Amino acid sequence: MSATATMPELFPKLFSPLRIGKTTIKNRIVSSGHDTGMSVAGNVSDQLVAYHRARAVGGTGLIVMQVSGVHETAQYTTHMLMATDDSAIAGFRRIAEAVHPYDCKVFAQIFHPGREIMESLDGSRPVTYSASNAFNDRFHSVPAVMPTALIKEVIEGFADSAERMLKGGLDGAEIVASHGYLPAQFLNPRLNDRTDEYGGSAENRLRFLREVIVAVRERVGDDFVVGLRISGDEMSEDGLVLDETVQVCSALNDDGHLDYISVVAGTSATLGGSVHIVPPMTQTTGYTAPIAGKIKDVVDIPVMVAGRINQPQDAELILANGQADACAMTRALICDPEMPNKAELGQVDDIRACIGCNQACIGHHHAGYPISCIQRPETGRELVYDLPNPVVRRKSVMVIGGGPAGLKAATVAAQRGHAVTLYEAGRRVGGQVLLAERLPGRAEFGGAITNLIAESQRSGVQIVTGTQVDTALIRDKAPDTVILATGSTPRAPSIEIADDPVVLEARDVVNGADVPSGRIVIADWRCDWIGLGVARMLAERGRKVTLCVDGYMAGEMLQQYVRDEMLSAAHEAGVEVIPNVSVMGIDEDTVYLQHRLSGQPVMVDDVAATVFSLGPIPNNGLQAQIADLGIDVTAIGDCLAPRTVEEAVLEGLKAAWKI
Ligand code: SF4
């Protein structure tokens, strides 16, 4: 098949239209409802409009806007949309007007989280409401039981909100019953112990959701799409299971008020279940498709599915298998909004595939910031960086260092029209990503470099490997400007080490250094992937591992779902964790630690080797020398200040944008 093969040969199902209710979407690629952190005071912002417009321009068939709260008790974060009064209508209209010119349809989610409330507007712990007072294990809240009057108010809120979406020119509304949110709390017999008409039998537990659907349908009429999002399996203790949700979907399908069902997995209610809300790279591509298939078997309305579907090939397969009628490819679109157009043109090698790292998308949301992407920092910054920015004068640009920062800087500078040469001292470009991808469960991380290399090559960057740049070379090449991206090296321990114990650096262990058998202590200052990953790696090779972390928990710096998966795997492998300790000294077989809070000594005996993950120090020795040559130089990424791939790529973009 040629690289320029046309769409019908490659993705015949993905690029066929789909009828949903009285609306038709042009293809089966959906940006499903996801928090963006881009609302301002509960309303649509300029940034949110630009974000969705970029996905529509890129060829997305359907956008489902993020949740909008339907009642004052539905405010689950401080940075969400609210549809509780008519001021929401103008915002919906802005989104509709931004995406409709690109033949992209847009629905929005109507939402009540019940007990799943993360924050309040004033910092106090809010009263949460649920069907019953079932304890919430993730947020440690005890909900109040919803009185019937509040149930009726909330149902009315769903209908009012949907009507505002209709008035704003959207094409549909999606009722959120997924992820253990309020409708699911009513459905679940293990959470709902009401004795009134909303509890007890399956019919009674379905009553709340049924009344929501009927109220919404009555309010918006038959031409407006009304859909349902549900977790086919909440994948959690006490969560809804597939047999139960199949029965719910079958009954609601028979009622005849819904136009589609959107299937996901997981629940907000527990740490284990919440991993599936935005599944990390440890989950298999499209792993939820069989669940959607079971629901599709019992309904005659379209079924969408979400769950790590990050490439059009995967989506096509799911559609061809008959497991769903459309695929939610949300992070694939966060990472590459042009993915649909590229797929339709057969340019599959040009697609920047999402690697499921969760770092800048859901990671930003959880931290309270607008979502972005570590591979595409333009996302969430469309108003600044998604604009044409051709060069005024073509310059010669020397980029020193072929890690993520250097590759991004080189690519963007070349895309803008500069003549760019990138020098890498090693045999391969990729920097520390080449190490990160070797940690257990992190193989897909290497995709970030695969994508950056391809982009740099397409943009015309000349890459020179195996060349250590010095001032003689810089003088010889006489670039107009230099971008320094020379990364970092591990910090050496500055502690007492006596009696010649075995000590190793984490990078060397990842690279295959010999590690003796017996107990291994890992001194982990970073609290990120490296300590946890090396601990698991060694434990799975039969070592007894004690992970000593200089923080409250191993993986403290990681996005929650990623951390939880890694903690789970490390626990299964038998890793022992000691939190809040820093390493003070080592002798032949003892590691001496100090508790960070109490100051008390902590000792680990019978130690065969100690592995250090003490953080990086910047390699920026060249910066002053280049400046002395009178050449403009900008340091980015770890050589400026060691952080993560996200900041490296962002600074590459920023540096190249200014040249
Ligand atoms: Fe995908 Fe990571 Fe980008 Fe999120 S930050 S969209 S998971 S590549």
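Residues numbered from 1 in each chain as written. Predicted model: local features only at pLDDT ≥ 70, side-chain atom pairs only at ≥ 80, totals over all residues. Heavy atoms only, no water.

> Pulling in residues and values, what's your account of the overall build of the protein chain?
Regarding its fold elements, the protein chain presents 23 helices and 29 strands. With respect to the three principal axes, the spread of C-alpha positions in the protein chain is 75 × 60 × 50 Å. Every one of the 659 residues in the protein chain was classed for burial, and the buried ones make up 61%. In the protein chain, the proportion of contacts linking residues at least 24 apart, taken out of those at least 6 apart, comes to 72%. Counting every atom, the protein chain has about 25,100 Å² of accessible surface; 50% of that belongs to carbon and sulfur. (Helix = DSSP H or I, 4+ residues; strand = E, 2+ residues; numbered from the N terminus. Buried < 20%, exposed > 50% of the residue type's maximum accessible area, 1.4 Å probe, protein only. Contact = heavy atoms within 4.5 Å. Areas by Shrake-Rupley, 256 points an atom, 1.4 Å probe, with all protein chains shown as cover.)

> Pulling in residues and values, what's your account of the pairing of strand β17 (residues 481-484)?
Side chains Thr481 and Ile483 of β17 all project onto a buried face; the interleaved residues Val482 and Leu484 project onto the opposite face, where all are buried too. Bridge count for strand β14 (residues 396-400) against β17 is four bridges, and the pairing is parallel. Its bridge partner being in β17, Ile400 is matched across the sheet by Leu484. (Pairing = 2+ DSSP bridges.)

> Before we move on, could you go through the domain arrangement of the protein chain and cite the residues and values that matter?
With domains assigned, the protein chain is organised as domain 1 (7-384), domain 2 (391-488 + 618-657) and domain 3 (496-615). Placing a centre on the C-alpha atoms of domain 1 and another on those of domain 3 gives a separation of 40 Å. Taken residue by residue, the interface counts 15 residues in domain 1 and seven residues in domain 3. Across the domain 1 to domain 3 interface the summed buried area is about 880 Å²; carbon plus sulfur atoms make up 56%. Summed over the shared surface of domain 1 and domain 3, the number is zero salt bridges. The tally of links between domain 1 and domain 3 comes to seven residue pairs in polar contact (both at pLDDT 80 or more). (Domains from an automatic or database assignment. Buried area = accessible area lost by both parts, 1.4 Å probe. Salt bridge = Lys/Arg side-chain N within 4 Å of Asp/Glu carboxyl O. Polar contact = N/O pair within 3.5 Å; in protein donor to acceptor, adjacent residues only side chain to side chain.)

> Account for the packing of helix α4 (residues 148-167) against helix α6 (residues 202-220), naming residues and giving values.
Close contact between α4 and α6 brings their axes to 8 Å; oriented N to C, the two are set at 35°. Helix-helix and strand crossings are classified by hand; for α4 and α6 the assignment is right-handed. In this structure, α4 uses Ile151, Lys152, Val154, Ile155, Glu156, Phe158, Ala159, Asp160, Ala162, Glu163 and Leu166 to contact α6, whose residues at the interface are Phe208, Glu211, Val212, Ala215, Val216, Arg219 and Val220. Among the residues forming the contact of α4 with α6, the class breakdown is twelve nonpolar, no polar and six charged. (Axes fitted to C-alpha atoms, helices over the stretch in contact; angles between N-to-C directions. Left-handed = near helix turned anticlockwise from the far one by under 90°. Nonpolar A, V, L, I, M, F, W, Y, C, P; charged D, E, K, R; others polar.)

> How would you summarise the nonpolar core if you had to cite specific residues and measurements?
If you look at the biggest cluster of nonpolar residues, it comprises 96 residues, and the most contacted ones within it are Ile175, Phe208 and Leu209. Non-local contacts of Ile175, meaning those with residues more than four positions away in its chain, are made with Ile110, Phe158, Leu209, Val212, Ile213, Val216, Val226, Gly227, Leu228 and Arg229. Grouped together as the second largest cluster of nonpolar side chains are 36 residues, Met281, Leu407, Ala409 and Ala410 included. (Core = buried A, V, L, I, M, F, W, Y, C linked by side-chain atoms within 4.5 Å.)

> Lay out the pattern of salt bridges with the relevant residues and their values.
Between side chains of opposite charge, a pair can form when the charged atoms approach closely. In this structure the tally under the stated criterion is 28 salt bridges. For Glu540, the salt bridge is made with Arg536, and the minimal N-O distance between the two is 2.9 Å. Of this pair, Glu540 and Arg536 both sit in helix α20 (residues 529-540), four residues apart, which is roughly one turn of that helix.

> Before we move on, can you summarise unusual backbone geometry with the specific residues and values?
In this model, Asp103 sits at a positive phi of 55°, which is unusual for a non-glycine residue. Within the secondary structure, Asp103 is located in the loop between α3 (87-99) and β6 (105-111). Accessibility expressed as a relative area gives 42% for Asp103, which makes it partly exposed. Positive phi outside glycine occurs at Asp606, with the angle close to 60°. Tracing the backbone shows Asp606 in the loop between β26 (601-604) and β27 (607-613).

> If you had to explain the side chain of Asp550 to someone new, which residues and values would you point to?
Among the secondary structure elements, Asp550 is positioned in the loop between β22 (544-549) and α21 (560-572). At 2.7 Å, the side chain of Asp550 forms a polar contact with the side chain of Arg596. Contact partners of Asp550, with chain neighbours within four places excluded, come to Asp524, Trp525, Cys527, Val581, Ser582 and Arg596.

> Summarise the site of the ligand; cite the residues concerned and give the values.
With respect to spatial proximity, the complete set of residues near the ligand consists of Arg331, Ile334, Cys354, Ile355, Gly356, Cys357, Asn358, Ala360, Cys361, Cys373, Ile374 and Gln375. When its residues are assigned to classes, the shell around the ligand shows eight nonpolar, three polar and one charged. (Near = heavy atom within 4 Å.)

> Lay out helix α2 (residues 46-57) with the relevant residues and their values.
Spanning twelve residues, α2 covers 16 Å between terminal C-alpha atoms, matching the ideal 16 Å at 1.5 Å per step. Of all twelve residues in α2, nine are buried, a share of seventy percent or more. Buried within α2 we find Gln47, Leu48, Val49, Ala50, Tyr51, His52, Ala54, Arg55 and Ala56. Summarising the contacts, the buried residues of α2 are in contact with β4 (62-69), β5 (81-82), α3, α11 (330-335) and α14 (382-385). (Expected span 1.5 Å × (residues − 1).)

> For the environment of Ala326, give the residues involved together with the corresponding values.
Following the sequence through the fold, Ala326 ends up in strand β13 (residues 326-328). Spatially, the C-alpha atom of Ala326 lies 9.6 Å from that of Leu62, the residues being 264 residues apart in sequence.

> Outline the sheet that holds strand β21 (residues 519-524), listing residues and values.
Spatially, β20-β27-β21-β22-β23 is the arrangement adopted by the five strands of the open sheet, whose pairing is parallel. A strand with exactly one partner marks an edge of an open sheet, and here the two such strands are β20 (503-505) and β23 (576-578). Within this sheet the neighbouring strands show an average axis-to-axis angle of 25°, counted without direction. Packed onto the sheet, α20 meets β21, β22 and β27 and runs at close to 170° relative to β21.

> Could you give me a rundown of the packing of α2 against α3, with the residues and numbers involved?
Interaxial distance between α2 and α3 falls to 9 Å at its minimum, and their mutual angle equals 30°. Our classification of the angle between α2 and α3 gives roughly parallel. Here the hand of the crossing between α2 and α3 comes out right-handed. Of α3, the residues touching α2 (which contributes Asp46, Leu48, Val49, His52, Arg53 and Ala56) are Arg94, Ile95, Ala98 and Val99. For the contact of α2 with α3, the class distribution of residues is six nonpolar, one polar and three charged. (Parallel < 35°, antiparallel > 145°, perpendicular 65-115°, else oblique.)

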